[in-house]
Number of protein chains: 8
Amino acid sequence: MNEIELRELLEQVKAGNIGPDDALNSLRRLPFADLGHARIDHHRSLRTGAPEAIYGPNKSPEHCVSIVAELLDNGTGPVLLTRANDEQIDAVLQAHDDATVVGPTVLWRAATPRNANIVVACAGTADLPVADEACVVLNAHGVTPTRLNDVGVAGLHRLLAELDTLLDAEVVITIAGMEGALATAVGGLSAAPVIAVPTSVGYGAALEGVTALLAMHATCAAGITVVGIDNGFGAAMAAIRILDLRDRS
Amino acid sequence: MNEIELRELLEQVKAGNIGPDDALNSLRRLPFADLGHARIDHHRSLRTGAPEAIYGPNKSPEHCVSIVAELLDNGTGPVLLTRANDEQIDAVLQAHDDATVVGPTVLWRAATPRNANIVVACAGTADLPVADEACVVLNAHGVTPTRLNDVGVAGLHRLLAELDTLLDAEVVITIAGMEGALATAVGGLSAAPVIAVPTSVGYGAALEGVTALLAMHATCAAGITVVGIDNGFGAAMAAIRILDLRDRS
Amino acid sequence: MNEIELRELLEQVKAGNIGPDDALNSLRRLPFADLGHARIDHHRSLRTGAPEAIYGPNKSPEHCVSIVAELLDNGTGPVLLTRANDEQIDAVLQAHDDATVVGPTVLWRAATPRNANIVVACAGTADLPVADEACVVLNAHGVTPTRLNDVGVAGLHRLLAELDTLLDAEVVITIAGMEGALATAVGGLSAAPVIAVPTSVGYGAALEGVTALLAMHATCAAGITVVGIDNGFGAAMAAIRILDLRDRS
Amino acid sequence: MNEIELRELLEQVKAGNIGPDDALNSLRRLPFADLGHARIDHHRSLRTGAPEAIYGPNKSPEHCVSIVAELLDNGTGPVLLTRANDEQIDAVLQAHDDATVVGPTVLWRAATPRNANIVVACAGTADLPVADEACVVLNAHGVTPTRLNDVGVAGLHRLLAELDTLLDAEVVITIAGMEGALATAVGGLSAAPVIAVPTSVGYGAALEGVTALLAMHATCAAGITVVGIDNGFGAAMAAIRILDLRDRS
Amino acid sequence: MNEIELRELLEQVKAGNIGPDDALNSLRRLPFADLGHARIDHHRSLRTGAPEAIYGPNKSPEHCVSIVAELLDNGTGPVLLTRANDEQIDAVLQAHDDATVVGPTVLWRAATPRNANIVVACAGTADLPVADEACVVLNAHGVTPTRLNDVGVAGLHRLLAELDTLLDAEVVITIAGMEGALATAVGGLSAAPVIAVPTSVGYGAALEGVTALLAMHATCAAGITVVGIDNGFGAAMAAIRILDLRDRS
Amino acid sequence: MNEIELRELLEQVKAGNIGPDDALNSLRRLPFADLGHARIDHHRSLRTGAPEAIYGPNKSPEHCVSIVAELLDNGTGPVLLTRANDEQIDAVLQAHDDATVVGPTVLWRAATPRNANIVVACAGTADLPVADEACVVLNAHGVTPTRLNDVGVAGLHRLLAELDTLLDAEVVITIAGMEGALATAVGGLSAAPVIAVPTSVGYGAALEGVTALLAMHATCAAGITVVGIDNGFGAAMAAIRILDLRDRS
Amino acid sequence: MNEIELRELLEQVKAGNIGPDDALNSLRRLPFADLGHARIDHHRSLRTGAPEAIYGPNKSPEHCVSIVAELLDNGTGPVLLTRANDEQIDAVLQAHDDATVVGPTVLWRAATPRNANIVVACAGTADLPVADEACVVLNAHGVTPTRLNDVGVAGLHRLLAELDTLLDAEVVITIAGMEGALATAVGGLSAAPVIAVPTSVGYGAALEGVTALLAMHATCAAGITVVGIDNGFGAAMAAIRILDLRDRS
Amino acid sequence: MNEIELRELLEQVKAGNIGPDDALNSLRRLPFADLGHARIDHHRSLRTGAPEAIYGPNKSPEHCVSIVAELLDNGTGPVLLTRANDEQIDAVLQAHDDATVVGPTVLWRAATPRNANIVVACAGTADLPVADEACVVLNAHGVTPTRLNDVGVAGLHRLLAELDTLLDAEVVITIAGMEGALATAVGGLSAAPVIAVPTSVGYGAALEGVTALLAMHATCAAGITVVGIDNGFGAAMAAIRILDLRDRS
């Protein structure tokens, strides 16, 4: 309930059309749907520009199905189920089969295409599943990103060969595990907002992504921002926030 | 040296105006100045939209003075000295006194004012030095941010009282130590790009900012990005990258 | 053996009814039952108001059965088996089938209902198993809590819509993984004792609950207390200690 | 602004006494005072039963003085300045000299005495500064605790000699550094709510309190809760929350 | 090869019975058997009083069989295979069936019984597998320990009931997971050498034994020593070193 | 593209044989093959002396087959697939069966034998899989190392018996888990370059190799270098870099 | 109060010489002296064979003086003040000047000399302060240890030159920072009980002693035990426990 | 004492020129000098090619002076005092003033110049003190390295401008703090042995060098080796080991 709606509600109270008790109740009935096990936040879409995405782990297949149904029936935007396991995917596809499935991510009702030049750069082939998650979330919002696969810093010329692509980008999502140096290199080459995603790729001293996360934060390149380990979803959502700002200007 | 310059160089070689050896030398003489102890990267300004900022720690006052001189003399943009100690500040002010000093940050030649609605929200008064760093770096780029001080999550109404400010913001920089929950709350309220800065404020379990950094990455709010601990400079630079994208669109 | 019993014992010695050697033996025979593999502490119930709960991991099904039998036969209060695996649950139910099973927790002989207004607030649906453990332990002590599911801080209005519930609560148990910000928000809204339970929900930077635990301890809200990661049992027991104080006053 | 006040406001709008715009402004003017550098939350006292305590670190002496003045002039409850340095203490005492100073804590306007049996048990003499902080915060709320100093687990009989004191306690605050075992032992002896405070006492493997914090969370005694490292303030505030519940019942 | 043997060798060289080249070879042929994949150190038994124990993990069943054979054939003392998996146990029992199997530990040729009063005290039933490992290693050296199961600090009277046993002990091995407080309590009660074994029992903040290990090192009881997490083998070997000293005195 | 090629390209431009646009394209077409999912860097072999090795994890068997094919068809040097799982190994062997398989490593087209005295010393038999990886990588480059198995520091004479071998070595790769002390001992005995490999062997306080890694870095022996946990591949590659230097001198 | 005294007390109650109330009081008056700020445990000396040592940090000089006085006046054994700062040392020496001062340790009333062959072996000269603490604590108990300085593993022959000393030792205390490998080497050479002390010597990856502590626990030498970082006091106390066992046998 | 000397000794015993007892003593009198507080290892120079360097911390100025004297008087190679404080430097210069002082490092009797092409590449100016330590240690061994200052990855063209220098290098020492990405970039560009030195430069997430250390180990560039944090000395010694191999071939 934004300021305009609040003002309108108060006007109605003033006009006597709505009694104070009813107004109080209205203020409480913010637009979310209580399914018992979950509260679907239709309002958040208006407020933050992002649909409610369903985070799969620890939910029963039945819960997933009912939340997806609520979002498809009572919302209008894209619907995403992330980090789903096979059982969850089978259940939701049986109930709502008009979906796109990319690894453990399921997408219904992608937004209409939108003009944007977003680059998703990936250090190694082992990072591809994280890049896939970022890309399907971007797709959900109507964005088709440019992908640069396997451009890690150990072979700098592979990255430099794509310099034009980087210079043209509006946002660059850099995805890297191990030591995560790709973020620093891209941050030094491109003037665009750079969103770094550490991945859990690597073993031993890679500490399941903690090393890359720390390294990306300790970067000597200025103005890079970082999301959580393997969080392709978060990186895509951050890019969408930036695109939305671009478009509202 | 961007693509256009490279093409021009090659045209000159073709026309015989420049010999191959000279061209080779030109390719090597990329626009940085080698002071012996440091390589001033005038080119980075063109490439990433950001001037070279001087990170004070471990540099002698004399080095600081000479780098500032190089940047003021042979560059045109704003010049920043960050994390400087008293001795360094005294030395650079003696050499170049037309500066603004905010805590340990020194600014010369701020850019002309630029239209932007950036909010710098600070959880507690102890976080203010980090907010100050972010603000002076924004000033350097011509931006005067809106500041929200002392709006931590333990007193939610203080934050909610500023909801309109948050909804109007183009970028929100949220600065918080301890458990860093402000970032999550702001991320759920605002559709703008949210840049979270964990601070080293707090003691014991705050682990000098590591707790806030981890918590901001583990946030349940989608699309928040994070910079390093106490890195007000980095957050401001990330905001400038986003503004630059807005303006180039 | 409390002071009154000790005094009585000494009176018996004085009266010559009990010889010193027997008294010495009595002092040694404190009321626990030694099953060989375990020492059942019937006395603790008197001393701390809590029954002996059986922690399942690393115990054989046979051991579980014999401890449950000892507690049911020689005690009078509720009996709990926690973190049990399927094999253990099958074994104890075969031996004692009058039980309530909630996930990996088994309850026999719940206490008679008791008047108490305890709220169990859960940040996300993935935290529900921990909330379930807390609730069945409260049930064991005769308490039926009010549950608030899916009220995480990223959608503040969902939490604020339950403000009255929080203001009426006698104790609030807040359960959250990821960055655990719910505890801080609740602590700022409610005057009641707030017990925070970090959960292992989340991935990457959530560090299997360590991030939430640290964040809850670094909270800027005063007077919140914390129990171990995923420790719904401990949170419920802490709430019972508080209720017992209320009732003895 | 609680529900009653909100209802009254809406009644005034309905009656035409307050226009919608003014009501909107009222909703925004929640009762805190904005000093520029800090927002004094007079309302929190009503909401959570706790006064705003001033956390000293990173504040200038002048800021401390002005916040203390705001709280003394426009509030009615006790006022606390914690973790203050000498310079801050000198400044606030010069402005408001009717204070009690205990180590780095300053207290004005302690509440009238209140009946409560709170025990503050301290493992070693090195933990006393943390116990002092807890005690002065309890004093601020009208409580005079019973102190047990130097009752660490390495000399169990010292603890057992105080068994009666522990059995009579309404709340026990146990303060211990090093391995923090006191909390477990007290938790097994007493039925009262037990609040454990890990301290940074010890060296090497004590890891500045992290070991004690982890150990207290890994305790095998049920229903113990924990606050942050060296957080005597937080432990006292948690005890006050429990006392308030006792008194409202 | 100890000093006496070295002197003898040199005498033989002097007497001309052994040529320098042969002596050199002798010095190289220290008494271990090289099986290619492993070097069996028959000499260590003489040097440190301990037989070579075979650590199972990462060894093939065939390697286990051949090492056991070498030790049984060319040694005279007890032979231990530890942390063996089912496949390894099956293989070695098929080859050498005169063994005692306790969980993942296999023992051949236990030493003749030896007089010793060693107490193995275990905090909870979940720690029993570690205690079992310690006990079978003690058995290997002819020692039958006294076991105290389930005497954790949360029920102090269970421990105090065994005070006489502790006071009579020559060495106490205390085994505890979670917060590991048993070691401190025993260290304060007994004058004997106390060897503490942290176990990986517990979840969340127990950090798979790291919490108990740190807590045991941060203990406030003087003169306790600690072995590695779950290292019942190491604790038993340390006890044997102490017994050997007692007997050589 | 090295300096000579760049100079030649510029000469061609000068001579008019190549137009600037074509030159620009040439500069972009550095010698790697883009398979879509991976960029095969044939050039790196020329630049760093090492072939592209394929890191198996997270790659589909089909991807592995296609990368191996690219490297075999369009390269000339040895080809390595490391950390492959059974499915990957089956797939690549079906396509290219002229391979050597050592555990999870597959080697095609080993280089011709090369004179080198490299010692691979292994602390325990549990470290052998890491040593095997190092050895097959050395084999790929034509080197047959001398292996010293089971020479851990707990039995110093086993190590000292091989002193001559260590003194003759050109490079020593020391592989050890647990506390990793072998590296320090070898570093003090040998003048050769010593490359230490921490392994994840051990349990509890070994922290899956982190302890050995830290210990090797904290070594008191001067001039030892370290590679990542279990990184036999990296150690071998570092040895090859040293051999290449020896041979180019 | 041991069993004999308890029996006597009960006999007195039986005989009517002591009334139950008085007996109850006696049971409470266990032999410690309550100084208010500290409880001096004279009884512990009888129980664990160790005097109360005073840990200096966080105690005021006045507190130190009064505790020392209590121990000297009402005890008979050695008195130790450890980790004292200059101000504390000045204060206690002014009050009780018949002391031995070794670095930050002060000793009064050393026990009469006792026959014991304890070796204190130190890896490097930087570890000497920790060795000094161990030695003065041994002196307090009448033991004059043999010291081996600077025998770190990087120069194995320095250690091997002292093999006879190690073989003759009854207990070996090995003190080492950095990677702590000395403990493993000594453990493999000597059959005596080996007590390892990690020190905070080293920088960077030595992690202020945590690396050495972990390495000593991950050791491949069987039967080594470890005390806390820099805990020379604890190592000496553990050695005394072992000597006491030797002497009581 | 190497094999040749041992053989000679045995020949002398055979010839009757040396008695067995004397031989035994000779075997014990390995060539180190025992100064009481330190054992100077003159032999290590022969064995490992490196002189004994004196690590300053925790040594008294007098000890430093005496160790330097021993090394200058009874050795012939270069002598280094590292990590010395001002007081230590003053003391040793007063005694032996023919020294070179570079920051906290003092060098006497540098070796005669030696042909070697070693590059010391430094990411930022803040890393220069570590590079200085590496360089003076190289100087001690007769090597004058090529220095590349301020070539961090955030400005890739600064590094690429020095590609020829990197391609010509025999060994590259890369020194970087923060995220340490320089090592990966250099490792991908150069075929030479690359030794990476993480530094403690940076703040917050740089974790005092731990982040750079982990990142360098998790690098995706093959064959890089790493030394400890800020360990310029160790990197130089590793380079010397490699040069020695080159020269002995």
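Residues numbered from 1 in each chain as written. Chains lettered and ligands numbered in written order. Predicted model: local features only at pLDDT ≥ 70, side-chain atom pairs only at ≥ 80, totals over all residues. Heavy atoms only, no water.

Trainee: Looking at this model, I keep getting lost on the overall build of chain A. Mind explaining?
Mentor: If you tally the helices and strands in chain A, you get eleven helices and eleven strands. Counting over 249 residues, chain A shows a buried share of 63%. Within chain A, residue pairs in contact and separated by at least 24 positions form 66% of the contacts whose partners lie at least 6 positions apart. Split by element, the accessible area of chain A, about 8300 Å² in all, is 49% carbon and sulfur. (Helix = DSSP H or I, 4+ residues; strand = E, 2+ residues; numbered from the N terminus. Buried < 20%, exposed > 50% of the residue type's maximum accessible area, 1.4 Å probe, protein only. Contact = heavy atoms within 4.5 Å. Areas by Shrake-Rupley, 256 points an atom, 1.4 Å probe, with all protein chains shown as cover.)

Trainee: I'm lost on the pattern of salt bridges in this one. Help?
Mentor: Two side chains with opposite charge may pair up if their charged atoms get near one another. Per the counting criterion, the structure on display carries 48 salt bridges over all chains. In this structure, R246 of chain C engages D247 of chain C in a salt bridge whose closest nitrogen and oxygen atoms are separated by 2.7 Å. A residue is classified by how much of its surface remains accessible, and R246 of chain C, at 9% relative accessible area, is buried. One salt-bridge network, held together by shared partners, links R114, E170, D244, R246 and D247 of chain A. (Salt bridge = Lys/Arg side-chain N within 4 Å of Asp/Glu carboxyl O.)

Trainee: Got a minute to help me understand the packing of aromatic side chains in this structure?
Mentor: Describing an aromatic ring pair means giving the distance of the ring centres and the angle of the ring planes. Considering all chains together, one arrives at eight aromatic pairs over all chains under this definition. When the ring centre of Y203 of chain H is taken as reference, the NZ or CZ atom of R83 of chain B above it lies at 3.9 Å. (Phe/Tyr/Trp six-rings, centres within 6.5 Å; stacked < 30°, edge-to-face > 60°. Lys NZ or Arg CZ within 6 Å of the ring centre and 35° of its normal.)

Trainee: Got a minute to help me understand helix 9 (residues 181–189) of chain H in this structure?
Mentor: Along an α-helix, a turn takes 3.6 residues, which lines up residues three or four apart on a common side. Of all the nine residues making up helix 9 of chain H, nine are buried; the element is thus mostly covered by neighbouring parts of the structure. Listed as buried for helix 9 of chain H are A181, L182, A183, T184, A185, V186, G187, G188 and L189 of chain H.

Trainee: Explain unusual backbone geometry here, please?
Mentor: Both trends apply: most residues other than glycine have a negative phi, and most peptide bonds are in trans. Even without being a glycine, L207 of chain A presents a positive backbone phi close to 50 degrees. Among the structural elements, L207 of chain A can be located in the loop between strand 10 (194–198) and helix 10 (210–217). Of note in this structure, E208 of chain G is not a glycine but carries a positive phi near 55 degrees. Counting through the fold element by element, E208 of chain G comes out in the loop between strand 10 (194–198) and helix 10 (210–217). On the basis of relative accessible area, E208 of chain G is assigned to the exposed category, the value being 61%.

Trainee: Would you mind going over the sheet that holds strand 3 (residues 53–55) of chain F with me for this structure?
Mentor: The strands making up a sheet associate through hydrogen bonds between their backbones, and the pairing can be parallel or antiparallel. Residue and element names in this part refer to chain F. One open sheet holds the four strands; their spatial order is 3-4-6-5, and the pairing between them is mixed. The open sheet has two edge strands with one neighbour each: strand 3 and strand 5 (99–102). With strand direction ignored, the average angle separating the axes of adjacent strands in the sheet is 15 degrees. (Pairing = 2+ DSSP bridges. Axes fitted to C-alpha atoms, helices over the stretch in contact; angles between N-to-C directions.)

Trainee: I keep staring at the pairing of strand 7 (residues 118–122) of chain G and nothing clicks. Help me out?
Mentor: Residues and elements named next belong to chain G. Along strand 7, five of the five residues are buried, which leaves the element largely enclosed by surrounding structure. The two faces of strand 7 match: I118, V120 and C122 on one face and V119 and A121 on the other face are all buried. Across five bridges, strand 7 lies against strand 9 (residues 171–176) in parallel orientation. Across the sheet, the residue bridging to I118 is V171, located in strand 9. Across three bridges, the pairing between strand 7 and strand 8 (residues 146–148) is parallel. Across the sheet, V119 pairs through a bridge with T146, a residue of strand 8. You can see the chain leave strand 7, run along helix 6 (residues 128–140) and come back into strand 8, and the turn it takes is right-handed. (Right-handed = clockwise from strand over helix to strand, strands pointing away.)

Trainee: Would you mind going over the sheet that holds strand 6 (residues 105–108) of chain D with me for this structure?
Mentor: All names here are of chain D. Spatially, the four strands line up as an open sheet ordered 3-4-6-5, and their pairing is mixed. With partners counted over all chains shown, the strands left at the sheet margins are strand 3 (53–55) and strand 5 (99–102), one partner each. Within the sheet, the average angular offset between the axes of one strand and its neighbour, ignoring direction, is 15 degrees. Across the sheet, helix 6 (residues 128–140) touches strand 4 (79–82), strand 5 and strand 6, and the angle it forms with strand 6 is around 10 degrees.

Trainee: What exactly am I supposed to notice about the relation of the copies chain A and chain B here?
Mentor: Superposing the two chain copies requires a rotation about an axis and a translation along that axis. Each copy superposes on the other: chain A lies on chain B with an RMSD of 0.1 Å after a rotation of 180 degrees and an axial shift of 0.1 Å. In the structure described here, the two chain copies are related by an operation that fits a two-fold rotation axis. The share of interface residues of chain A whose copies in chain B are also at the interface is 100%, consistent with both copies meeting through the same surface. (Least-squares fit on C-alpha atoms with pLDDT ≥ 70 in both.)

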